[in-house]
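# Descriptive structure summary
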Amino acid sequence: MPQTWTLAALSRQVNQAAPQQARGVRAYSTATATATTMHRKSWELGLLLLLGLGSQGALPPPCDSQIYCHGELLHQVQMAKLYQDDKQFVDMPLNSAPDQVLQRFRELAATHNQSIPLEQLRAFIQEHFQAGGQELQPWTPEDWKDSPQFLQKISDPKLRAWGGKLHELWKRLGKKVKPEVLSHPEQFSLIYAAHPFIVPGGRFTEFYYWDSYWVMEGLLLSEMPGTVKGMLQNFLELVRIYGHVPNGARVYYLQRSQPPLLTLMMDRYVSHTNDTAFLRDSIGTLALELDFWTQNRIVSVSSGGKSYVLNHYAVPYGGPRPESYSKDAELANTLPEGDRETLWAELKAGAESGWDFSSRWLVGGPNPKLLSSTRTSKFVPVDLNAFLCQAEEVMSNFYSSLGNSIQATKYRNLWQQRLAAMKAILWDEEKGAWFDYDLENRKKNLEFYPSNLTPLWSGCFSDPNVVDKVLKYLEDSQILTYQYGIPTSLQNTGQQWDFPNAWAPLQDLVIRGLAKSPSPRAQEVAFQLAQNWVRTNFEVYSRDSAMYEKYDISNGGQPGGGGEYEVQEGFGWTNGVVLMLLERYGDRLSSGSQTVFLQPHCLTAALLLSLLLGLLPQ
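Now for a quick tour of the structure. Small disclaimer: the values here were computed from a predicted structure and weren't measured.

Cut-offs and rules
- Counting restarts for each chain: residues are numbered from 1 in the order of the written sequence.
- Where local features are concerned, this predicted model is filtered to residues with pLDDT of at least 70; where side-chain atom pairs are given and counted, the filter is 80 or more; whole-chain, interface and lining totals use all residues.
- Excluded from the side-chain calculations are hydrogens and water; all other atoms, namely the structure's heavy atoms, are used.
- Counting from the N terminus, the helices are the DSSP runs of H or I reaching at least four residues and the strands are the DSSP runs of E reaching at least two.
- By this rule, a helix spans an expected 1.5 Å times one less than how many residues it contains.
- For every residue, the accessible area obtained with a 1.4 Å probe (protein chains only) is divided by the maximum for its type, and the residue is called buried under 20%, exposed over 50%, and partly exposed between those limits.
- Arc, as used here, means the arc of the directions from the helix axis to the C-beta atoms.
- Only heavy atoms matter for contacts: two residues are in contact if any of them lie within 4.5 Å across the pair.
- Pairing between two strands is assigned when DSSP locates at least 2 bridges connecting them.
- Angles here are taken between N-to-C directions and fall from 0 to 180 degrees, while the axes themselves are lines fitted to C-alpha atoms, restricted in helices to the stretch in contact.
- For this text, the term disulfide refers to a pair of cysteine sulfurs within 2.5 Å.
- Here a Phe, Tyr or Trp ring, Trp counted by its six-membered ring, pairs with any other such ring whose centre lies within 6.5 Å, and the pair is stacked when the planes are under 30 degrees apart, edge-to-face when over 60, and tilted otherwise.
- Here, over-ring charges are defined by two tests on the NZ atom of lysine or the CZ atom of arginine: distance to the ring centre within 6 Å, and angle to the ring normal within 35 degrees.

### Details of helix α7 (residues 98-111)
- When the terminal C-alpha atoms of α7 are compared, their 20 Å separation across 14 residues agrees well with the 20 Å that a helix rising 1.5 Å per residue should span.
- By the burial criterion, the buried members of α7 are P98, V101, L102, F105, L108 and A109. Buried residues of α7, viewed axially, fall in a sector of 125°; they line one side. Structural note: α7 exposes D99, A110 and T111 on the side pointing more than 90 degrees away from its buried face.
- Where α7 is buried, its residues meet α5 (72-80) and α8 (118-128).
- Backbone geometry just downstream of α7 places N113 in the positive-phi region, at approximately 55°.

### Quick notes on the sheet that holds strand β10 (residues 443-444)
- Spatial ordering of the open sheet is given by β6-β9-β10, a layout of three strands whose pairing is antiparallel. The open sheet has two edge strands with one neighbour each: β6 (379-380) and β10.
- Pairing of β6 with strand β9 (residues 437-438), which is carried by two bridges, proceeds in the antiparallel orientation. Bridge pairing links V380 to Y437 in β9.

### Describing the sheet that holds strand β1 (residues 136-138)
- Here we have three strands laid out as an open sheet, ordered β1-β2-β3, and antiparallel in their pairing. Two strands bound the open sheet, and with one partner strand each, they are β1 and β3 (197-198).
- The strands touched by helix α9 (residues 157-173) are β2 (174-177) and β3; relative to β2, the strand with the most contacts, the crossing angle is about 20°.

### Overview of the state of the cysteines
- For the structure on display, the rule yields two disulfides.
- Between the sulfur atoms of C63 and its disulfide mate C69 the distance is 2.0 Å. Given an S-S torsion of about 105°, the disulfide between C63 and C69 has right-handed geometry.
- Classification of C63 by relative accessible area gives buried; the value is 1%.

### A closer look at unusual backbone geometry
- Omega for the bond connecting F499 with P500 falls within 30 degrees of zero, at 10°, which places this linkage in the cis form.
- Positive phi is not limited to glycine here, since K81 has a value of about 55°.
- With respect to the secondary-structure elements, K81 resides in the loop between α5 and α6 (86-90).
- The backbone phi angle of S545 is positive, close to 55°, even though this residue is not glycine.
- Positionally, S545 belongs in the loop between α22 (520-544) and β12 (550-552).

### What to know about helix α17 (residues 382-401)
- Counted at 1.5 Å a residue, the expected span for α17 with its 20 residues is 28 Å, and the 29 Å between its end C-alpha atoms agrees.
- Within α17, 16 of the 20 residues are buried, which leaves the element mostly enclosed by the surrounding structure.
- G403 sits one or two residues past α17 and shows a positive phi near 85°.

### Observations concerning the packing of aromatic side chains
- Going through the model one piece at a time under the given rule, you end up with 37 aromatic pairs.
- Aromatic pair F292 and W293: ring centres 5.5 Å apart, planes at 85°, arrangement edge-to-face. Of the two residues examined, F292 and W293, each falls in the buried class.
- Judged by centre distance (3.8 Å) and plane angle (5°), the rings of W497 and W503 are stacked. W503 matches W497 in its accessibility class, with the two residues each being buried.
- Of the aromatic side chains, those joined through ring pairs into one cluster are W210, Y213, W214, W355, F387, Y449, W457, W497, W503 and W573.
- In this arrangement the basic side chain of K171 is found over the ring face of W144, its NZ or CZ atom lying 3.9 Å from the centre.
- It is R588 that lies over the ring of F527; its NZ or CZ is 3.7 Å from the centre.

These figures come from the coordinates and say nothing about function on their own.
Here it is as structure tokens:
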């Protein structure tokens, strides 16, 4: 396995210490950030030798805060399990400077021989910390308005009324960072953002990277481009300061990213607004974000005598995830001490993938049912490379529109190279789909995941017959027999990114991938899948008056479960995907109770029925 990503990440840890202290106060220019990246390269090898890290050596913590990222205070509080959710503690602001709080903690620990009793520890937290959420204030988007036009496209009156309620939810999910986070950033785990934003909801009170793509799609349908631009400006500022978009807007997320959708967010915004001035100002920062992936998350894979460069998720930072500290620590205790840092890094890579956690990252491990077998970085994921493939194509188009033919050609070449690599390494002609590639075992993971079809969604394929092959793959996998949504996998591990859960963004990957095809058959299957998902969401909302982050599709539509925390309400990307489906299929969708159950042999009949209905007078 190439070590280039580890070297770059270690150098970045040292270089970012100063910017982290000044986050939100100032931002580096794109030119300065690029120059800093180039400067790092010259001494990465020396840094590694200086640290003396071997494969089992200690890795640096996810940030330098001895309260929010590592250290004895974090360890004692989280292992005492004062809160049901570990995230609650690391989201709590400080009442005073970190050095003062740490000094008081050391004094308290010394008094109790380094083992502070539960009640004294709880009293210490109450004295020195504020309740989480104090650093944010509710915000009603200025560009929110009644009755966006897409609602008029919805024929079913119940669905139209529901669409209006989902449009209302943007006001509930709007947040703004208080000015004290700017003036005293060291007292908060929240990273300052100058512009207000939409959050997912529930325990996720800050904004997240890949969630925000589907949120923005919904906001644009709600005719709220100003809110979208502000969110884009926040992301671009993070790239200018840190060189990438973190997982979410907390310091403990700083050293991991999430699926790279920033370029696509910009594409959707510019297509909606034609704001080419903003694009021109931001294009260098978009390029800097893609550089992060091509410099820090690359692997080389050989096939047929050729070598191909693709990307993977990898987060070479140590210790338990602060927001899941006790769970990670207890899980690591089931392993030999020398394997624990590796596990923690792999768990962070799983979080970077967005699929935290899934059988997808357990396959090939010692026990593929146990989370301790997580080996995320050992896979070349289909969706990550499809997202980057699309980003490279979009960047080529951006530079062409801005008159920069040299950069346009550069990204067009990168796109073509990735197309060839994905076909050679990830595509399986016999199965008719793409599959994650296992770097250690040198074979594809042939399990079903909706992410296997991401290249269809991103347009990263060259064979026009691919769509028919993918439809056969869906039939052979019996995915079209699920009545309430497309399952996340066919493995029931108890992890949230597995069966029986279904997630909104994964529905979009499959539905839009098929809908983009010129094939009438693929378009009809896309509609039937959309109908199933909309009806599941509608029926649960009708019962609970809530939208959820995930749904259990095993026995009718229910709120999802499994994983590390209770299912959350809100919910940003779920709302966004439903609004997209209502806008695309509003003239055909029904709120009725009969879900569509598509046996493979019924696909042709479904298509013929649809065509006949289309010929009837309206």
